[in-house]
Amino acid sequence: MKTIARLSHSRPLLPDKTNPFPFFFSSIYPNPPHHLPFLSLTTNPSSTFILPHSMASSAASPSTFSLLPSTSTSASSRRQPFSTHLSFSRSPVALRSPIRRLGFAGAAADPLLAIHVAGKTSAVVGRGVRGVVSMAKKSVGDLTEAELKGKVVFMRADLNVPLDENRNITDDTRIRAAVPTIKHLMSKGAKVLLSSHLGRPKGVTPKFSLAPLVPRLSELLGVQVEKTDDCIGPEVEKKAAALPEGGVLLLENVRFYPEEEKNDPEFAKKLAAVADLYVNDAFGTAHRAHASTEGVTKFLKPSVAGFLLQKELDYLVGAVSSPKRPFAAIVGGSKVSSKIGVIESLLEKVDILLLGGGMIFTFYKAQGFSVGSSLVEEDKLELATTLLAQAKAKGVSLMLPTDVVIADKFAPDAASKIVPCSAIPDGWMGLDIGPDSIKAFNEALDTTKTIIWNGPMGVFEFDKFAVGTEAIANKLAELSSKGVTTIIGGGDSVAAVEKVGVADVMSHISTGGGASLELLEGKELPGVLALDEAVPVPV
Ligand SMILES: Nc1ncnc2c1ncn2[C@@H]1O[C@H](COP(=O)(O)OP(=O)(O)OP(=O)(O)O)[C@@H](O)[C@H]1O
Ligand SMILES: O=C(O)[C@H](O)COP(=O)(O)O
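Small disclaimer: the values here were computed from a predicted structure and weren't measured.

> Outline the sheet that holds strand S11 (residues 403–407), supporting the account with residue identities and numerical values.
Across the sheet, which stays open at both edges, the three strands sit in the order S12-S11-S13 with antiparallel pairing between neighbours. The strands lining the two open edges of the sheet, one partner per strand, are strand S12 (416–420) and strand S13 (429–433). Between one strand and the next, the sheet's axes are offset by a mean angle of 40°, whatever the strand orientation. Where S11 meets S12, five bridges bridge the pair, whose relative direction is antiparallel. Bridge assignment links valine 405 to a residue of S12, and that residue is isoleucine 418. Set on the sheet, helix H15 (residues 435–446) makes contact with S11, S12 and S13; between it and S13 the angle comes to about 35°.

Written as structure tokens, this is what we have:
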């Protein structure tokens, strides 16, 4: 990960397979990675946001916003392809109030930051900012050795990894991501009860057992991990009592009990029964108010955030709340309906919004274009028009692709051609963004300092229609190496980035699909909210 290379720790902190986030062993980030949004931003409240010359000049001209076709309703004017030039109707100075660029001091001004975790407020101390208090969550890194040594820690991780038909792990990312927190606890002499769900079982279902994870966990942790056949009850009590300091006990799938997802307090109490304290590192499940993510905090004190949870929030909340600007979001995927909340929320934050994937055809149709047999959500046409108007009103440069790759059927071997987005023939469907759009998107991205990407640009599962998605992945990789903060938000976009082989280059790849979406929508995550507050730090 390139982020690591930039650290200025006095000791080498290089990532390896067992420790992808070595800098999180530092409890208060003495020298956090400088490209994290909250750290690279100025703390001078009177500073002026300066746009590159070309943008600043267009900023002076609000009327140049023209990413949409002419508002004329005449058929001929409507059939012109979209113009996609960039423009900013905001005044550069008024882009964001200064407080938004104050890193974690912005917590008081931005509710999103109120759910942040501890460990970095010191980064802005003494830089001329006064009277603002960070409302952060307590981190496992804040606990002293005395608070951990010999203590039984109930640690919730998201070890929901994909398994093949032979129950071999096909992607161990989530296991590796949990390792730094587990190792930290081990090194402090804690006894770790590791809890997770796998899949969505209805009752006890052997194929959803966590047993296949034991060898890989043991290998990554360098100790023999023991496993129980249950997650509560006498077996857990007995094995927990026999656990040595630094030992790890993997509890069976917590969702074998329906009480887990019901957040049943009695069940939460049983989960907590043998533990002294709680660490939540399950970012991927933090949007669920379940017994092991939320309920258990009522019975265990302290209840703190693990390093992975902390890192996810650092990037996803930090980037959205206090981005280095210009800040762009790329939103793709199949449906507008699944991304409405994300788009609406991002319109409040970003300077540039690029839309791709299946959802664009709903926007085209809303503008009066014929879209052939492309994916369209008829009941979202009005919404699409509203979103375009909202973008315009907020001065966000919203870009839709100007050309698309169309196919005669939804299949990997379909016949295909490139057409302007206004000229999709009947019987053809758009399955990718075209080369002109890729060029325009790349040019827009070249101007940015922070990029969040959620959702593929096309049907990337078919090689023929993966060009747009792969081009964006490569562009983000290139920009990452130039210091742009690049954040990939879960699910298919992560799969695409991995397919291209550039995952390691990105600033942050989220381990949470649903959780990262909810966070980007501005929703509060119950698994984070339930954790203890850090001691307020005046900054
Ligand atoms: N033009 C298109 N027509 C139909 N389906 C498309 C098109 N472009 C992309 N898709 C499909 O969209 C799916 C992803 O959409 P979805 O809304 O699930 O995104 P997502 O999974 O939420 O993204 P992420 O996981 O990154 O958040 C992919 O399977 C892809 O094939
Ligand atoms: O895979 C995920 O997104 C998380 O593990 C959460 O799983 P869930 O959607 O089944 O709650």
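Following the structure, the description resumes.
> Go over the site of ligand 2, please, and point to the residues and values.
Residues in contact with ligand 2, as listed here, are Asp158, Asn160, Arg174, His197, Arg200, Arg255, Gly284 and Arg288. A distance of 3.0 Å separates an oxygen atom of ligand 2 from a polar atom in the side chain of asparagine 160. For ligand 2, an oxygen atom lies 2.7 Å from a polar atom in the side chain of arginine 200. About the coverage of ligand 2: the protein hides 85% of its 310 Å² of free accessible area.

> Could you give an account of the packing of aromatic side chains, with specific residues and numbers?
Counted according to the given criterion, the structure contains five aromatic pairs. If you follow lysine 417 out to its NZ or CZ, it ends over the ring of tryptophan 428, 4.6 Å from the centre.

> If you had to explain the nonpolar core to someone new, which residues and values would you point to?
Counting residues in each nonpolar core, the largest one holds 74 residues, and the members touching the most others are Leu271, Leu353, Leu355, Phe363 and Tyr364. The greatest single-element share of this core, amounting to seven residues, is contributed by helix H11 (residues 307–321). Beyond its immediate chain neighbours, meaning those up to four positions away, leucine 355 contacts Val331, Ile343, Ile360, Phe363, Leu398, Met399, Leu400, Pro401 and Phe441. Ranked by size, the runner-up nonpolar core spans 31 residues in total, among them Leu159, Ala178, Met186 and Leu250.

> Just give me the short version of the sheet that holds strand S15 (residues 485–488), but keep the residues and values in it.
Strands sit in the order S10-S9-S8-S14-S15-S16 across an open sheet of six strands; the sheet is parallel. Bordering the open sheet on either side are strand S10 (397–399) and strand S16 (508–509), each of which pairs with just one other strand.

> Can you explain the pattern of salt bridges? Please cite residues and give values.
Overall, the coordinates contain 25 salt bridges when judged by the stated rule. Put simply, glutamate 235 and lysine 239 hold a salt bridge, and the shortest N to O gap is 3.2 Å. Within this pair, glutamate 235 and its partner lysine 239 are both found in helix H8 (residues 234–242), separated by four residues, close to a single helical turn. Residue class for lysine 239 comes out partly exposed when judged on its relative accessible area of 26%. Of the charged contacts in the structure, one is a salt bridge between aspartate 446 and lysine 475, with a shortest N-O distance of 2.8 Å. Here aspartate 446, found in helix H15, pairs with lysine 475, found in helix H16 (residues 467–480); they are 29 residues apart in sequence, far enough to count as distant. Among the residues examined, aspartate 446 registers a relative accessible area of 43% and is labelled partly exposed. Take lysine 475: its relative accessible area is 8%, and that puts it in the buried class. Each of Asp172, Arg176, Arg216 and Glu219 takes part in salt bridges that share partners, so that together they form one network.

> Can you lay out the packing of H16 against helix H17 (residues 492–500) for me, pointing to particular residues and giving the numbers?
Relative to each other, H16 and H17 sit at 75°, their axes nearing to 9 Å. Taken together, the axes of H16 and H17 lie roughly perpendicular to each other. Between H16 and H17, the contacting residues are Thr469, Glu470, Ala473 and Asn474 on the first element and Ala496, Val497, Lys499 and Val500 on the second. Its residues assigned to classes, the contact of H16 with H17 shows four nonpolar, two polar and two charged.

> Tell me about the environment of glutamate 478, and name the residues and values.
Here glutamate 478 lies in helix H16. Its relative accessible area of 31% is what places glutamate 478 among the partly exposed residues. Separated by 32 residues in the primary sequence, glutamate 478 and aspartate 446 have C-alpha atoms spaced 9.7 Å apart.

> Could you give an account of unusual backbone geometry, naming the residues involved and the relevant values?
A cis amide bond links lysine 301 to the next residue, proline 302, at an omega of 0°. Note on placement: proline 302 falls in the loop between strand S6 (277–280) and strand S7 (303–305). Its identity as a non-glycine residue notwithstanding, arginine 167 has a phi of 65°, on the positive side. Locating arginine 167 in the fold gives a position in the loop between strand S2 (152–156) and helix H6 (173–187). With phi around 55°, asparagine 263 is a residue other than glycine that occupies positive phi space.

> I'd like a description of the confidence of the model for the chain, backed by residues and values.
Residues at a pLDDT of 70 or more form 74% of the chain, whose mean pLDDT is 78. Long-range and interchain partners of residues 1–135, a stretch whose pLDDT sits below 50, account for 300 contacts in this model, where long-range means more than four residues apart. Model confidence for the complex is summarised by a pTM of 0.73, with the ipTM given as 0.94.

Procedures and definitions
Each chain has its residues counted from 1, running along the sequence as written. The naming scheme follows written order: chains are lettered A onward, ligands numbered 1 onward. Local features in a predicted model are, by the rule used here, given only for residues with pLDDT of at least 70; side-chain atom pairs are given and counted only at 80 or more, and totals for whole chains, interfaces and linings are based on all residues. Side-chain measures here rest on the full set of heavy atoms in the structure, leaving out hydrogens and waters. Note on pairing: DSSP must find at least two bridges between two strands before they are called paired. Segments assigned H or I by DSSP are reported as helices when at least four residues long, segments assigned E as strands when at least two residues long, and all are numbered from the N terminus. To define axes, lines are fitted to C-alpha atoms, for helices over the stretch in contact only, and angles between the resulting N-to-C directions are given on a 0 to 180 degree scale. Contact definition: two residues touch when any of their heavy atoms are within 4.5 Å. Any residue with at least one heavy atom within 4 Å of a molecule or strand is counted as near it. A 3.5 Å cut-off defines polar contacts: any pair of N or O atoms within that distance qualifies, except that in protein one atom must be a possible hydrogen donor and the other a possible acceptor, and neighbouring residues in sequence count only when both atoms are side-chain atoms. Residue burial considers only the protein chains on display, and all accessible areas are found by Shrake-Rupley using a 1.4 Å probe. Side-chain rings of Phe, Tyr and Trp (the six-membered ring for Trp) are treated as a pair once their centres are within 6.5 Å; stacked means planes under 30 degrees apart, edge-to-face means over 60, and tilted covers the remaining angles. Think of it as a cone above the ring: NZ of Lys or CZ of Arg counts as a charge over the ring if it is within 6 Å of the ring centre and within 35 degrees of the ring normal. To define a nonpolar core, start from buried Ala, Val, Leu, Ile, Met, Phe, Trp, Tyr and Cys residues and group those joined through side-chain atoms within 4.5 Å. Burial status follows relative accessibility: with a 1.4 Å probe on protein chains alone, a residue under 20% of its type maximum counts as buried, one over 50% as exposed, and anything between as partly exposed. Put simply, a salt bridge is a Lys or Arg side-chain nitrogen that is within 4 Å of an Asp or Glu carboxyl oxygen. Should an angle fall under 35 degrees it is taken as roughly parallel, and over 145 as roughly antiparallel, whereas 65 to 115 is taken as roughly perpendicular and any remaining angle as oblique. Asp, Glu, Lys and Arg are counted as charged, while Ala, Val, Leu, Ile, Met, Phe, Trp, Tyr, Cys and Pro are counted as nonpolar; the rest, among them Gly, fall into the polar class. A residue's pLDDT is simply how confident the predictor is in it, with values from 0 to 100.

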